[in-house]
Amino acid sequence: MAHHKSAKKRIRRNAHRFEINHARISRIRTFVKKVEKAIASGDQTAAKSAFAEAQPEMHRGVSKGVLHRNTVARKLSRLNTRIKSLGA
C-alpha cells in the first residue's frame, strides 16, 4: 500500500484513467467489428460507411494516446484494402 499522499493520488488517477482508456479502446474495437462484419457480408457500400465512422474514432484513439499512430495507420490501411477488393 502506498504511504505518500502523491502515491495514493497516483493510484486513484491510474484507476480512473484505466476506465476511460479501456472504454475508448472497447469503443474502437466495436467500430472495427462493424466494418469487418460489413466486409464479411460482401456489401461494399455498407463497409465504406462503417469505415467512415470507424476512421475518426481510431484517429481519436491516437490523439488521446491509447493507440500508437502506426498501429492505427496499419489497421486502417488493411481495412481499406479489403473494402476495395470487394468491388473488384
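This text gives an overview of the structure that appears in the document. Just so it is clear, the structure is predicted and the values come from calculations on it, not from any experiment. (Residues numbered from 1 in each chain as written. Predicted model: local features only at pLDDT ≥ 70, side-chain atom pairs only at ≥ 80, totals over all residues. Heavy atoms only, no water.)

1. A few points about the packing of helix H1 (residues 5-41) against helix H2 (residues 44-64)
Part 1 of the argument: Interhelical geometry of H1 versus H2 gives an angle of 160° and a closest axis separation of 9 Å. Taken together, the axes of H1 and H2 lie roughly antiparallel to each other. With respect to the hand of their crossing, H1 and H2 are arranged in left-handed fashion. Residues Arg 24, Arg 27, Ile 28, Phe 31, Val 32, Lys 34, Val 35, Ala 38 and Ile 39 of H1 touch H2, and the partners they reach there are Ala 46, Ala 47, Ala 50, Phe 51, Glu 53, Ala 54, Glu 57, Met 58, Arg 60, Gly 61 and Lys 64. (Axes fitted to C-alpha atoms, helices over the stretch in contact; angles between N-to-C directions. Helix = DSSP H or I, 4+ residues; strand = E, 2+ residues; numbered from the N terminus. Parallel < 35°, antiparallel > 145°, perpendicular 65-115°, else oblique. Left-handed = near helix turned anticlockwise from the far one by under 90°. Contact = heavy atoms within 4.5 Å.)

2. What to know about the nonpolar core
Part 1 of the argument: Among the nonpolar cores identified, the biggest contains 15 residues, and Val 35, Ile 39, Phe 51, Met 58, Leu 79 and Ile 83 are the most heavily contacted of them.
Part 2 of the argument: Sorting the residues of this core by element identifies H1, H2 and helix H3 (69-87) as the ones contributing at least two each.
Part 3 of the argument: No other element matches H1, which puts six residues into this core.
Part 4 of the argument: Excluding its chain neighbours within four sequence positions, the residues that come into contact with Val 35 are Ala 47, Ala 50, Phe 51, Ala 54, Leu 79 and Ile 83. (Core = buried A, V, L, I, M, F, W, Y, C linked by side-chain atoms within 4.5 Å. Buried < 20%, exposed > 50% of the residue type's maximum accessible area, 1.4 Å probe, protein only.)

3. Side note on the side chain of Glu 57
Part 1 of the argument: Here Glu 57 lies in helix H2.
Part 2 of the argument: Here Glu 57 falls in the buried class, since its relative accessible area comes to 6%.
Part 3 of the argument: A polar side-chain atom of Glu 57 sits 2.9 Å from a polar atom in the side chain of Arg 60.
Part 4 of the argument: The contact partners of Glu 57, leaving out residues within four places of it in the chain, are Arg 27, Ile 28 and Phe 31. (Polar contact = N/O pair within 3.5 Å; in protein donor to acceptor, adjacent residues only side chain to side chain.)

4. Overview of a positive patch on the surface
Part 1 of the argument: Side chains of Lys 5, Lys 9, Arg 10, Arg 12, Arg 13, Arg 17 and Lys 64 sit close together on the surface and give a patch of like positive charge.
Part 2 of the argument: Top element by residues in the positive patch is H1. It accounts for six residues.
Part 3 of the argument: On the secondary structure map, Arg 12 appears in helix H1.
Part 4 of the argument: A residue is classified by how much of its surface remains accessible, and Arg 12, at 57% relative accessible area, is exposed. (Patch = residues over 30% accessible without salt bridge, like charges linked within 9 Å, V, L, I, M, F, W, Y side chains within 5 Å. Areas by Shrake-Rupley, 256 points an atom, 1.4 Å probe, with all protein chains shown as cover. Salt bridge = Lys/Arg side-chain N within 4 Å of Asp/Glu carboxyl O. Lys, Arg positive; Asp, Glu negative; His and termini not counted. Charge placed at Lys NZ, Arg CZ, Asp CG, Glu CD.)

So yeah, pure geometry; function would need other evidence.
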